[in-house]
Amino acid sequence: MSLITIDYRDRKLIYEQLVDNIKELILRGDLKVDDHLPSVRALAKELGINPNTIQKAYAELERQGVIATLPGRGSIILSGSAAVADAGREALREEMMPLVLKAVSLGMKESDFTALASECWQMQKRASGKENPS
């Protein structure tokens, strides 16, 4: 599964990067419901990281209902892209709430807040080289 990458300069923990990578693969359609994930040992060897880190990522994905670990069969994908996207939207909503509260406390209008969000969106697209909306 060479589609998974780890960025050692990223401040995010490695197991969190793995969780995010696997969810991204589901969203892109590279992993689908009932697909098997590599074994903990195989992925740890491929990425050159501790198997406990892989196990922690798989445990988190299982806790979130994204995968299931079946005795003798390994880990399989349970949730399709729609479920993963819905969960991602809900997490994003929770992260945005403090920003909305701050904007309200500053007296910002909703239209100004959404314009600022749009400006940030455009800046990110330019920085990442992705000019098409997603």
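Refer to the structure printed above.
What you are looking at is a predicted structure, and each value in this text was computed from that prediction instead of being measured. (Residues numbered from 1 in each chain as written. Predicted model: local features only at pLDDT ≥ 70, side-chain atom pairs only at ≥ 80, totals over all residues. Heavy atoms only, no water.)

Caption draft 1: Region of the structure containing the nonpolar core. Residues Leu18, Ile22, Leu47, Ile54 and Tyr58 are the most contacted members of the largest nonpolar core, which totals 23 residues. Every element with two or more residues in this core is listed here: α1 (14-28), α2 (40-47) and α3 (51-63). The element contributing the most residues to this core is α1, with six residues. Setting aside residues no more than four positions away along its own chain, Tyr58 makes contact with Ile22, Leu37, Pro38, Ser39, Val40, Leu43, Ile67 and Ser75. (Core = buried A, V, L, I, M, F, W, Y, C linked by side-chain atoms within 4.5 Å. Buried < 20%, exposed > 50% of the residue type's maximum accessible area, 1.4 Å probe, protein only. Helix = DSSP H or I, 4+ residues; strand = E, 2+ residues; numbered from the N terminus. Contact = heavy atoms within 4.5 Å.)

Caption draft 2: Geometry of helix α5 (residues 110-128). For α5, with 19 residues, the first-to-last C-alpha span of 27 Å sits near the 27 Å given by 1.5 Å per residue. In the stretch just after α5, Gly129 is the one whose phi turns positive, near 80 degrees. (Expected span 1.5 Å × (residues − 1).)

Caption draft 3: Structural view of the packing of α2 against α3. Orientation of α2 relative to α3, taken along the N-to-C sense of each, is 120 degrees, at an axis distance of 8 Å. Viewed along their axes, α2 and α3 adopt a mutual orientation that is oblique. Considering how the two elements wind past one another, α2 and α3 form a crossing that is right-handed. On α3, the residues touching Val40, Leu43, Ala44 and Leu47 of α2 are Pro51, Ile54, Gln55 and Tyr58. Split by residue class, the contact of α2 with α3 holds seven nonpolar, one polar and no charged. (Axes fitted to C-alpha atoms, helices over the stretch in contact; angles between N-to-C directions. Parallel < 35°, antiparallel > 145°, perpendicular 65-115°, else oblique. Left-handed = near helix turned anticlockwise from the far one by under 90°. Nonpolar A, V, L, I, M, F, W, Y, C, P; charged D, E, K, R; others polar.)

Caption draft 4: Local environment of the layout of surface pockets. There is about 1,400 Å³ of room inside the largest pocket. Forming the boundary of the largest pocket are 34 residues, of which Gly88, Leu92, Glu95, Met96 and Trp121 lie nearest the centre. Those elements giving two or more residues to the lining of the largest pocket turn out to be α1, α4 (81-105) and α5. A per-element tally of the lining of the largest pocket places α4 first, with twelve residues. Looking at side-chain class alone, the lining of the largest pocket contains 18 nonpolar, five polar and eleven charged residues. Of the volumes computed, that of the second largest pocket is approximately 290 Å³. Every residue along the wall of the second largest pocket is listed here: Leu3, Lys12, Asp20, Asn21, Lys23, Glu24, Leu25, Leu27, Arg28, Val84, Ala85 and Gly88. (1 Å grid on protein atoms, 1.4 Å probe; cavity = no way out; pocket = protein on both sides within 12 Å on 5 of 7 lines; lining within 4 Å. Points joined across faces, edges and corners; volume = space filled by probe spheres on them.)

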